[in-house]
Amino acid sequence: DNVQFYGRGPHENYCDRNSSAHLLVHGPMAVADLHEPYIFPGENGGRTDVRWVSWTSHTRLRTIVASLIRADGGYGQFSSSHFSLGELDRCRHDSHLSRDERVHVHLDAAHMGVGGDDSWSPSVHEEFFVRPGRHKFVMTLSCSKC
């Protein structure tokens, strides 16, 4: 139902779009508030430099906490939504999405930037690509009252 995290936010941000996102503890906020209603749906709502994130269910009185630390000492990215990747891929307009009662969670060691210096070409800068290779991170999950 609710999410809280220590990372860059409170708004959506990616590695090439995080200078306006403050490194703080954000939330608690509703999982639904992490969704960005882009006209054409796709993966969205990423938050960068995340040290930890927690999800709390008020109906079942439980909390799940994940911490993310990359092998290079950096931090991961997360997104969380009531829409599955399949649903985001299926729909051609945000108003057509059907909310799922489950919470879909994505934890990433690395995520490519989104680009967008202009509106007519893909423009992700070289330093914001994820290079091929082995990417390692340590994820610790804990659950209270599960």
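My aim in this report is to walk through the structure given alongside it, one point at a time.

What counts, and where the lines are drawn
- Residues numbered from 1 in each chain as written.
- Predicted model: local features only at pLDDT ≥ 70, side-chain atom pairs only at ≥ 80, totals over all residues.
- Heavy atoms only, no water.
- Helix = DSSP H or I, 4+ residues; strand = E, 2+ residues; numbered from the N terminus.
- Contact = heavy atoms within 4.5 Å.
- Polar contact = N/O pair within 3.5 Å; in protein donor to acceptor, adjacent residues only side chain to side chain.
- Pairing = 2+ DSSP bridges.
- Axes fitted to C-alpha atoms, helices over the stretch in contact; angles between N-to-C directions.
- Phe/Tyr/Trp six-rings, centres within 6.5 Å; stacked < 30°, edge-to-face > 60°.
- Lys NZ or Arg CZ within 6 Å of the ring centre and 35° of its normal.
- Patch = residues over 30% accessible without salt bridge, like charges linked within 9 Å, V, L, I, M, F, W, Y side chains within 5 Å.
- Areas by Shrake-Rupley, 256 points an atom, 1.4 Å probe, with all protein chains shown as cover.
- Salt bridge = Lys/Arg side-chain N within 4 Å of Asp/Glu carboxyl O.
- Buried < 20%, exposed > 50% of the residue type's maximum accessible area, 1.4 Å probe, protein only.
- Core = buried A, V, L, I, M, F, W, Y, C linked by side-chain atoms within 4.5 Å.

### Looking at the environment of R92
Relative to the elements of secondary structure, R92 occurs in the loop between α1 (85-90) and β7 (104-108). For the pair R92 and G42, spaced 50 residues apart in sequence, the C-alpha to C-alpha distance is 9.2 Å. In this structure R92 touches I39, F40 and P41, once residues within four positions along its chain are discounted. A polar contact of 2.8 Å, which involves the side chain of R92, links it to the backbone oxygen of D89.

### Things to note about the sheet that holds strand β6 (residues 76-81)
Strands sit in the order β3-β6-β7 across an open sheet of 3 strands; the sheet is antiparallel. Only two strands of the sheet have a single neighbouring strand rather than two, namely β3 (47-50) and β7. Strand-to-strand, the axes of this sheet are offset by a mean angle of 25°, without reference to chain direction. Here β6 runs beside β7; their pairing, made up of 5 bridges, is antiparallel. When the sheet's bridge partners are listed, F78 is paired in β7 with L107.

### Some details on the packing of aromatic side chains
The final tally for this structure, using the stated rule, is 2 aromatic pairs. Taken together, the aromatic side chains of F5, W55 and F78 make up a single cluster linked through ring pairs. Looking at R51, its charged tip hangs above the ring of Y6, at a distance of 5.5 Å from the centre.

### Brief notes about the sheet that holds strand β5 (residues 62-70)
Pairing in this open sheet of 5 strands is antiparallel, and the strands run β2-β1-β4-β5-β8 from one edge to the other. Looking at strand neighbours, the two that pair on one side only are β2 (22-30) and β8 (137-144), the edges of this open sheet. Between one strand axis and the next, the sheet turns by 15° as a mean value, whatever way the strands run. Note that strand β4 (residues 52-57) and β5 share 6 bridges and pair antiparallel.

### Re a nonpolar patch on the surface
Taken together, the side chains of I64, M139 and L141 define a hydrophobic patch exposed on the protein surface, amounting to about 270 Å² of accessible area. Following the sequence through the fold, L141 ends up in strand β8. Judged by its relative accessible area of 53%, L141 falls in the exposed class.

### Remarks on the nonpolar core
Buried together is how nonpolar side chains tend to be arranged in soluble globular proteins. By size, the foremost hydrophobic cluster in this structure holds 10 residues: V3, F5, M29, V31, L34, V50, V53, W55, A66 and F78. For this core, the secondary structure elements donating two or more residues are β1 (2-9) and β4. Not counting the four nearest positions on each side in its chain, V53 is found in contact with V3, Q4, F5, I64, V65, A66, F78 and L107.

### What about the pattern of salt bridges?
Following the criterion strictly, the structure yields 7 salt bridges and no others. A salt bridge links D100 to R102; the nearest nitrogen and oxygen atoms lie 2.8 Å apart. Owing to a relative accessible area of 18%, D100 belongs among the buried residues under this scheme. With its nearest N and O atoms 2.6 Å apart, the salt bridge here joins R131 to E126.

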